[in-house]
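If you want the building blocks of each chain, they are given just below.
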Amino acid sequence: MQTKLLDKHKSQFLFRHRHPIEGRDDAMLFMHGKSVVNFTSNDYLNLANHPDVKKAFIEGVQTYGLGSGSANFVSGYFKSHKLLEDAFCEFLNRDRAILFNSGYHANLGVISSLANKNSVIIADKLCHASIIDGIQLSRAKYYRYRHNDMSHAEYLTHQHDNPLLITESVFSMQGNLTDIKKLAGLKARLIVDDAHGIGVVGKTGKSICETQHNIACLVTPLGKALGSFGAIVSGSEDIVEHILQFARTYYFTTSLPPSVSHATLTSLKVMREESWRRETLHHLINFFIKGSSERGFSLVSSDQTPIKSILVASNMKAIEIQQKLLEKNILVSCIRPPTVPNNASRIRISLNCLHTEAQITQLLDELSYEIKSC
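(A) Just the overall build of the chain, in detail. From N to C terminus, the chain includes 13 helices and 14 strands. The dimensions of the chain, computed from C-alpha atoms along their principal axes, are 55 × 55 × 50 Å. Scored against the burial criterion, the 374 residues of the chain give a buried share of 52%. Within the chain, residue pairs in contact and separated by at least 24 positions form 69% of the contacts whose partners lie at least 6 positions apart. In the structure as shown, the chain presents an accessible area of about 17300 Å², 52% of it carried by carbon and sulfur atoms. Charge separation in the chain, taken as the distance between the mean sites of 41 positive and 35 negative side-chain charges, equals 6 Å.

Rendered as structure tokens:
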């Protein structure tokens, strides 16, 4: 059975491989014994390698040791966890927050604790796998609205009494923004995954919290623009207490290493103070969009986000283009089902603030040549 499934997976060009990374520096990765320009990382502000953040991580290990050694409700809840929760409450103007081990843990825990078999959930058709898995775990009745179709979302919410309404602020494979204001105005309890918005969207990096304050539950993963790990879940006192008491992915696991949350406090501080990172990133986003237009690329989205995708003809072609670019020392993501729908394979590019215009120009030129060749 397993052999047949693997053979079918390979024949459809869906097989995936891991590539050990030997090191990284700014916008470069070191792999297979050579240096490549990295257009795959979600570390949009390049904070994972920031000297202050690394110093804080070392300080955290010296203070707390490596692992937490226990679950949050036993002896695994450390001062650095509490400080990070409080810091995000202040930054995003939220009542209360909880630190989960990852965005995946957070979405599973939040959805399965707030919904059950008697609940109704309405979600965007292209929501992340962790949201889909959380919905399935909850056993709730589940309806999907067409991607970013606000009229369809409004229609579905009107058919049900106080449903959960779930979306992402920035969709990870599309790179497009959601009309959060419109969704927040519907009669539903809104849950938003802000993984690719925090630190990037908005003048101060608060993302949707710069303008919207009536989001019932906000999931803020820390592994993208903040360059760290874990996820902050925030909302009202009542909602957060409910999640704290009933989210199994929170209390049935060893807590996040306190050294990580200690370093993330510095990452948040740097993100707020070094606004040039966000400003430079947005300049490079515009540079990429302009260059794509000049070369005739049809981007999946031209919204002001660092995620840029170009649809290709097939799974095989996506792999071929990725390999050809890697031969030129350029690393891009080759995205295929089930990450995206069938017949929607793409080359996905992630920009960060330390890319140069010359690197982006080389990427666009090589992409143009390979796409035309295919």
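Having seen it, we continue.
(B) The arrangement of the sheet that holds strand β8 (residues 189–193) in detail. Read across the sheet, 7 strands follow the order β4-β10-β9-β8-β7-β5-β6 without closing on themselves; strand pairing throughout is mixed. The two strands at the open ends of the sheet, each matched to only one other strand, are β4 (96–100) and β6 (141–145). For this sheet, the mean inter-axis angle between neighbouring strands, taken without regard to orientation, is 20°. Summarising the sheet, β8 and strand β9 (residues 217–221) pair through 3 bridges and their orientation is parallel. Residue pairing for β9: Ile191 is matched across the bridge by Cys217. Here helix α6 (residues 150–158) sits on the sheet in contact with β5 (120–124), β6 and β7 (164–168), set at roughly 155° to β6.

(C) Inspection of the environment of Val37 at higher detail. The residue Val37 is located in strand β3 (residues 34–38) in this model. Between the C-alpha atoms of Val37 and Leu331, which are 294 residues apart in sequence, the distance is 6.0 Å. In this view, Val37 contacts Ala27, Met28, Asn329, Ile330, Leu331, His355 and Gln359; residues no more than four positions away in its chain are not counted.

(D) Layout of the packing of helix α3 (residues 79–92) against helix α10 (residues 258–273). In contact at an axis separation of 8 Å, α3 and α10 are set at 25° when each is read in the N-to-C sense. Regarding the angle of α3 to α10, the classification is roughly parallel. Judged by the twist between their axes, the crossing of α3 over α10 is left-handed. Across from Ser80, His81, Leu83, Leu84, Ala87, Phe88, Glu90 and Phe91 in α3, the residues of α10 making contact are Pro258, Ser261, His262, Thr264, Leu265, Leu268, Met271 and Arg272. Its residues assigned to classes, the contact of α3 with α10 comprises 9 nonpolar, 5 polar and 2 charged.

(E) Representation of the side chain of Ser130 in the model. Checked against the element boundaries, Ser130 lands in helix α5 (residues 129–138). Residue contacts for Ser130: discarding those within four places in its chain leaves Tyr104, Asn107 and Leu108.

(F) Geometry of the layout of surface pockets. The calculated volume of the largest pocket comes to roughly 970 Å³. Of all elements in the fold, only β2 (28–31), α12 (315–327) and β13 (333–335) reach the threshold of two or more residues within the lining of the largest pocket. A per-element tally of the lining of the largest pocket places α12 first, with 4 residues. Broken down by class, the residue content of the lining of the largest pocket amounts to 13 nonpolar, 11 polar and 5 charged. Counted as a void, the second largest pocket has a volume near 350 Å³. Looking at the second largest pocket, it is lined by 16 residues, and the ones nearest its centre are Leu126, Cys127, Pro338, Thr339 and Val340. Of the residues assigned to the lining of the second largest pocket, the class counts are 9 nonpolar, 4 polar and 3 charged.

(G) A look at the nonpolar core. Judged by nonpolar contacts, the single largest core of 68 residues is most densely connected at Phe39, Ile349, Leu363 and Leu367. The element that contributes the greatest number of residues to this core is α3, accounting for 6 residues. Residues within four places of Leu367 in sequence aside, it is in contact with Phe297, Ile310, Ile321, Leu325, Ile347 and Ile349. Counting residues in hydrophobic clusters, the runner-up holds 25 residues, among them Ile111, Ala123, Cys127 and Ala231.

(H) Highlighting unusual backbone geometry. The omega torsion of the bond from Pro337 to Pro338 falls at 5°, within 30 degrees of zero and hence cis. Tracing the chain through its elements places Pro338 in the loop between β13 and β14 (346–350).

(I) Layout of the packing of aromatic side chains. All chains considered together, the criterion is met by 5 aromatic pairs. Look at Tyr251 and Phe252: their rings are 4.6 Å apart centre to centre, the planes differ by 55°, and that puts the pair in the tilted class. The class of Tyr251 is partly exposed, set by a relative accessible area of 22%. Taken together through their ring pairs, the aromatic side chains of Phe73, Phe100, Tyr250, Tyr251 and Phe252 make up a single cluster.

(J) The arrangement of the pattern of salt bridges in detail. Taken as a whole and judged by the stated rule, the model has 12 salt bridges. Here Asp149 makes a salt bridge to Arg146, at a shortest N to O gap of 3.0 Å. Under the relative-accessibility criterion, Asp149 is labelled partly exposed at 21%. The class for Arg146 is partly exposed, based on a relative accessible area of 49%. Residue Glu320 pairs with Lys317 through a salt bridge whose shortest N-O separation is 3.7 Å.

Conventions and cut-offs
Residues numbered from 1 in each chain as written. Predicted model: local features only at pLDDT ≥ 70, side-chain atom pairs only at ≥ 80, totals over all residues. Heavy atoms only, no water. Helix = DSSP H or I, 4+ residues; strand = E, 2+ residues; numbered from the N terminus. Buried < 20%, exposed > 50% of the residue type's maximum accessible area, 1.4 Å probe, protein only. Contact = heavy atoms within 4.5 Å. Areas by Shrake-Rupley, 256 points an atom, 1.4 Å probe, with all protein chains shown as cover. Lys, Arg positive; Asp, Glu negative; His and termini not counted. Charge placed at Lys NZ, Arg CZ, Asp CG, Glu CD. Pairing = 2+ DSSP bridges. Axes fitted to C-alpha atoms, helices over the stretch in contact; angles between N-to-C directions. Parallel < 35°, antiparallel > 145°, perpendicular 65-115°, else oblique. Left-handed = near helix turned anticlockwise from the far one by under 90°. Nonpolar A, V, L, I, M, F, W, Y, C, P; charged D, E, K, R; others polar. 1 Å grid on protein atoms, 1.4 Å probe; cavity = no way out; pocket = protein on both sides within 12 Å on 5 of 7 lines; lining within 4 Å. Points joined across faces, edges and corners; volume = space filled by probe spheres on them. Core = buried A, V, L, I, M, F, W, Y, C linked by side-chain atoms within 4.5 Å. Phe/Tyr/Trp six-rings, centres within 6.5 Å; stacked < 30°, edge-to-face > 60°. Salt bridge = Lys/Arg side-chain N within 4 Å of Asp/Glu carboxyl O.

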